[in-house]
Amino acid sequence: MLRRDVIFGLAAVGLAGCGSASTRPLGPDGLPLPSAYVIRPGDEATIQFRMLDSVNALRQTAGVPPVALDARLNAAAATHSRDMAVQNRPWLFGSDGSSPVERARRVGFAGRLLGENISESFESELQTLSAWMAQPDTRAVILDPNARFMGFSWYQEESAKLWWTLNMGSDPTVSQPIPGAAF
């Protein structure tokens, strides 16, 4: 019995060595260096729904209602992500001076925009969500109990740098927008 286990063990080790070697460069510690997260064409829906599922899992744990993706808030998020890349800085104001509330209104969102989270990184959407959850102000946007809709989008540069935007909005039948409010 022991002899058979040793033979199978050696065969497994030998077969493991037949795999292709990693082409990622190694750091001084011998571990592969991190690589940029690259979004392939056609992955858009997968990424948006993975983020939606993750946000709703966090919201469920916090005891607040789930949110649904909203095409208008997605459009506002996509526009702002691209605009941040053009400006080459992550901030809440558009190159035209627009606020998150104004961008939500422009795309026809009828509810109240409750908050906007932004990020500039080379990390995945889930790593970005984790970073947002680690900060009280951005975590509050994600877990806002009044939120019923979410917009989420990004812009990826050729260098693989990502500009992420997440918007949370209320149900228009429950919470009307604040007239003339600037965010």
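Residues numbered from 1 in each chain as written. Predicted model: local features only at pLDDT ≥ 70, side-chain atom pairs only at ≥ 80, totals over all residues. Heavy atoms only, no water.

**Notes on the overall build of the protein**
Logical step 1: Check the secondary structure of the protein and you find six helices and four strands.
Logical step 2: Taken from the N to the C terminus, the helices and strands of the protein come in the order α-α-β-α-α-β-α-α-β-β.
Logical step 3: The buried share among the 183 residues of the protein stands at 38%.
Logical step 4: If you take every contact in the protein between residues at least 6 apart in sequence, the share linking residues at least 24 apart comes to 68%.
Logical step 5: Only carbon and sulfur atoms are counted for the fraction: they give 59% of the accessible area of the protein, which is about 10600 Å². (Helix = DSSP H or I, 4+ residues; strand = E, 2+ residues; numbered from the N terminus. Buried < 20%, exposed > 50% of the residue type's maximum accessible area, 1.4 Å probe, protein only. Contact = heavy atoms within 4.5 Å. Areas by Shrake-Rupley, 256 points an atom, 1.4 Å probe, with all protein chains shown as cover.)

**Remarks on the nonpolar core**
Logical step 1: Membership of the largest hydrophobic core comes to 20 residues, with the highest contact counts inside it found for V55, W132, I142, M150, F152, L166 and M168.
Logical step 2: Listing elements by their share of this core, those giving two or more residues are α2 (44–62), α5 (125–133), α6 (136–142), β3 (147–156) and β4 (162–170).
Logical step 3: If we ignore the near neighbours within four places in the chain, the residues touching W132 are M51, N117, I118, S119, T138, R139, I142, F152, W164 and L166.
Logical step 4: If you look at the next biggest cluster of nonpolar residues, it comprises five residues, including L73, V101, A104 and F109. (Core = buried A, V, L, I, M, F, W, Y, C linked by side-chain atoms within 4.5 Å.)

**A word on the packing of α2 against α5**
Logical step 1: Two elements in contact, α2 and α5, have axes whose closest approach is 10 Å; the angle formed by their N-to-C orientations is 30 degrees. Between α2 and α5, the angle falls in the class roughly parallel. For the crossing formed where α2 meets α5, the hand is right-handed. For the pair formed by α2 and α5, the contact residues are I47, R50, M51, S54, V55 and L58 on the first element and E125, L126, L129, W132 and M133 on the second. (Axes fitted to C-alpha atoms, helices over the stretch in contact; angles between N-to-C directions. Parallel < 35°, antiparallel > 145°, perpendicular 65-115°, else oblique. Left-handed = near helix turned anticlockwise from the far one by under 90°.)

**Regarding the confidence of the model for the protein**
Logical step 1: In the predicted model, the protein carries a mean pLDDT of 83, and 79% of its residues have values of at least 70.
Logical step 2: This model gives residues 4–22 a pLDDT under 50, and the stretch forms zero contacts once residues within four places in sequence are excluded. (pLDDT = per-residue confidence, 0-100.)

**Quick look at the packing of aromatic side chains**
Logical step 1: Throughout the structure, instances matching the rule amount to four aromatic pairs.
Logical step 2: Ring centres of F109 and F149 lie 6.3 Å apart, and the angle between their planes is 75 degrees; on these two criteria the pair is classed as edge-to-face. Of this pair, F109 sits in the loop between α4 (100–106) and β2 (113–121) while F149 sits in strand β3, placing them 40 residues apart in sequence.
Logical step 3: Residue F149 is classed as partly exposed on the basis of its relative accessible area, which comes to 22%.
Logical step 4: Plain terms: the ring middles of F152 and W154 are 5.8 Å apart, the flat faces sit at 50 degrees to each other, and that makes the pair tilted. The burial state of F152 is the same as that of W154; both residues are buried.
Logical step 5: Among the aromatic residues, those joined into a cluster by ring pairs are F152, W154 and W164. (Phe/Tyr/Trp six-rings, centres within 6.5 Å; stacked < 30°, edge-to-face > 60°.)

**Some thoughts on the side chain of Q48**
Logical step 1: Mapped onto the elements, Q48 comes out in helix α2.
Logical step 2: Other than its neighbours up to four places away in sequence, Q48 contacts L69, N74, F152 and W154.

**Here's the deal with the pairing of β4**
Logical step 1: Here β4 lies mainly inside the structure; nine of its nine residues are buried.
Logical step 2: One ladder, built from nine bridges, connects β3 with β4; its direction is antiparallel. The residue bridging G151 from the neighbouring strand is N167, located in β4.
Logical step 3: Connecting β3 to the next strand, β4, in antiparallel fashion are five residues, including A160 with a positive phi near 85 degrees. (Pairing = 2+ DSSP bridges.)

**Considering α5**
Logical step 1: Residues E125, T128, L129, W132 and M133 constitute the buried set of α5. Each buried residue of α5 sits inside an arc of 140 degrees when the element is viewed along its axis, so together they form one side.
Logical step 2: Residues of α5 that are buried sit in contact with α2, β2, α6, β3 and β4. (Arc of directions from axis to C-beta.)

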